[in-house]
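# Reading the structure
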Amino acid sequence: MTRGADLILTGGKIVTVDPQFRLAEALAVTDGRISAVGKAAEVLENADQWTKVVDLEGRTVVPGLIDGHAHLDREGLKGVFPSLGPTRSIADVQVALAHLVECTPVGEWIVTMPLGDPPAYRNVEALFSDGRLPNRHDLDAVAPDHPVYIRAIWGYWRHSTPLISIANTKALQAAGIDASTASPAPEVTIERDEEGFPTGVFREETLMPIVELAFFREATGFAPETRAKTLPTSVAAYHRYGTTSVFEGHGAASELIQAYRSAHASGELKIRTTLAISPNWKSVPDTNIPLFVEAWCGWLSGAGIGDDFLRIAGLFADIDPSPSNAVRASAYPRTGWAGFNYDTALSRERAIELLTACARQRIQVIAIWPNMLELFYEVHKSVPLTGLRWVFSHISLLNAAQVEMIREMGLIVTTHTNRYIYKEGQLLLERVGKSRENEITPLRTLVEAGVPVVLATDNVPVSLFHPFWHVVARRTRTDGTLVAKTQALSREQALRAITSTAALLTWDEDKKGTIEVGKLADLAVLDHDPLTCPEDQLPDIQSVLTVVGGEIVYASMRV
């Protein structure tokens, strides 16, 4: 007796995103894979008495979305430390702290989330009706017997400085901070009173916190078991917007890899994850890089090792070590919000050795900074990169010559549109002028050149429909200014950039990214059709049903 399908979705619009971009009425899933796509009547012939049949009621189904640079783990970590709530005065902070004091044993640390309103924590100082921020004395008034630290944000949540954190007297004492303590980095200001003693307020002109890693690493660090425990929360947040796969191209440090392994082993990793390695080069300072790569990194080649839910592949690369990153790296193996190591940078000469060795071993390399493109090309001239799928991330400005270099090398491009179009597009436009406007995140130029373009959230926020909107609308956060409108992608191109094209990142184009028979049943049923809804609705699109490998992992609709 022929077995029926496990799941059938019918009565809607199935956007296959296959090479012909065909539309269908229904699909069937059997044993975690798509078993039929087409007319509703034909697909329903695959049903038996055990098949779950879901009426889509006209909704749109797309392949499960693939985030090209996710930092998924940060979403769950945001709930580890308590929030102070919507504080608008020093008294508000004191009330919130008083509640925490009541439930915390004397002498134990109280560490909170930052001042300000999530998710961006903008305009912190302007929020306080007192005309100043709370200081150590204000915190001491309600928590004299606990070390208290109000941590800074991960600055990329809002892309503006300063980052602000505050410690009370006991926290300063525990960290060994007194009148003689020097700033750990030029970007850090330790605010002081008239007598030169720290007030407890720290200001950082950087987007990656230094203070908590330099002074408060033990109190603010995320324990390995905490990282593992919060991953399912992160996964659930991404599922709500239809994301079923993530690529962590910035690289993962050992503590993050172990967290993913733990969640996977317990069966709680319901999202397909590929982690690139974030190397800690200070641990092998004098190594012969080519021999090291051959002996210890060969398993990273191609699609790497692992299974369809957790794979480790590729290597993150960077140049020009910075003193500030050396301070951050002093907290090793703790990485704070980052999840990646801070000692990834090499000198230019050593980086060339690394990249050349990776090319010869066919190891995928990922880079996010503009200065890496030239190095990629230098390696390409001696060891062709074509077919290796190296990744050039976070693109901001690219001229015609650079686009041609990217095309020639066969690179995959991933974006950071939240920063370089939405938040800073106007700044880039002012910097380069109208004559060079089309160099600002030139996605249409890249696509027309045949370069695979993949969209990414960078966890700011978690929904891929924000970058989808950015690349279609090309409008800025401040006043809606259009930035290089001729570089906008069509909605079909944008959808490919979060599905079929994104599957290329992990060598999975034969497994996922489109709705075709035989492929993994990773699907998202959306509350609005991204191909036809009004443009201003795009960033608000959510999934009402998310399916991974045939399993319903999120549902807000009747099933």
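Heads up: these notes are all about the structure in this document. Quick caveat: nothing in here was measured; it's all calculated off a predicted structure.

Scoring rules and cut-offs
The residue numbers shown here count from 1 along each chain, following its written sequence. The predicted origin of the model limits local features to residues at a pLDDT of at least 70 and limits the giving and counting of side-chain atom pairs to 80 or more, whereas totals for whole chains, interfaces and linings rest on all residues. Calculation of side-chain values draws on the structure's entire complement of heavy atoms; hydrogens and water are dropped beforehand. Helix and strand assignments follow DSSP, with helices taken as H or I runs no shorter than four residues and strands as E runs no shorter than two, numbered in order from the N terminus. Note on method: radius of gyration uses C-alpha positions; expected globular size equals 2.2 Å times residues raised to 0.38. For the exposure calls, accessible area comes from a 1.4 Å probe over protein chains only, and a residue counts as buried if that area is under 20% of its type's maximum, exposed if over 50%, partly exposed in between. The contact criterion used is simple: two residues touch if any of their non-hydrogen atoms lie within 4.5 Å. Positive: Lys, Arg. Negative: Asp, Glu. His and the chain ends are not part of the count. By convention, charge coordinates are those of NZ in Lys, CZ in Arg, CG in Asp, or CD in Glu. For two strands to pair, DSSP has to find at least two bridges joining them. Angular values range over 0 to 180 degrees, each being the angle between N-to-C directions of two axes fitted as lines to C-alpha atoms, with helices fitted over their stretch in contact. In this scheme Phe, Tyr and Trp rings, the latter by its six-membered ring, pair at centre separations within 6.5 Å, and the angle between planes marks the pair as stacked below 30 degrees, edge-to-face above 60, and tilted otherwise. The rule is short: NZ of Lys or CZ of Arg within 6 Å of the ring centre and within 35 degrees of the ring normal puts a charge over the ring.

## Overview of the overall build of the protein
Helices and strands together make up the secondary structure of the protein, namely 20 helices and 24 strands. Taking 559 residues into account, the globule formula puts the C-alpha radius of gyration at 24 Å, and the protein, at 25 Å, falls close to it. Its C-alpha atoms give the protein principal-axis dimensions of about 80 × 55 × 50 Å. Taken across its 559 residues, the protein has 58% of its residues classed as buried. Across the protein, the fraction of contacts at a sequence separation of at least 24, relative to all contacts at a separation of at least 6, is 74%. Computing the positive centroid from 52 side-chain charges and the negative centroid from 67, the protein places the two 3 Å apart.

## Notes on unusual backbone geometry
The amide bond that connects Tyr332 to the next residue, Pro333, takes the cis arrangement and shows omega of 10 degrees. By the element assignment, Pro333 lies in the loop between α12 (323-329) and β17 (345-346). Val460 connects to Pro461 through a cis peptide bond whose omega is -5 degrees. Here Pro461 is to be found in the loop between β21 (453-454) and α19 (465-473). With a phi angle near 55 degrees, Phe21 is a residue other than glycine that sits in the positive phi range. Checked against the element boundaries, Phe21 lands in the loop between β1 (7-15) and β2 (23-30). Its identity is not glycine, yet Arg474 carries a phi of approximately 60 degrees, on the positive side. Within the secondary structure layout, Arg474 lies in the loop between α19 and α20 (491-496). Since its relative accessible area comes to 0%, Arg474 is described here as buried.

## A short note on the sheet that holds strand β7 (residues 110-112)
Pairing is mixed across the open sheet formed by five strands, whose spatial order is β7-β8-β9-β11-β10. Two strands close off the open sheet at either side, each with one partner strand: β7 and β10 (188-192). Across this sheet, the average inter-strand angle for adjacent strands is 15 degrees, counted without regard to direction. Packed onto the sheet, helix α3 (residues 90-102) meets β7 and β8 (148-150) and runs at close to 135 degrees relative to β7.

## Some details on the packing of aromatic side chains
Here the structure, examined in full by the defined rule, presents 16 aromatic pairs. Seen from their ring centres, Trp157 and Trp337 are 5.1 Å apart, and the 70 degrees between their planes marks the pair as edge-to-face. Note that Trp157 is positioned in the loop between β8 and β9 (163-167) and Trp337 in the loop between α12 and β17, a separation of 180 residues in sequence. In terms of burial, Trp157 and Trp337 fall into one category: buried. Taken together, a centroid distance of 5.9 Å and an interplanar angle of 65 degrees make the contact between Trp281 and Phe292 edge-to-face. Linking Trp281 in the loop between β13 (272-277) and α11 (289-296) with Phe292 in helix α11, this pair joins segments that are 11 residues apart in sequence. Over the ring of Trp157 we find Lys78, and its NZ or CZ is 5.0 Å from the ring centre. A cation over an aromatic ring shows up here: Arg272 above the ring of Phe309, its NZ or CZ 4.5 Å from the ring centre.

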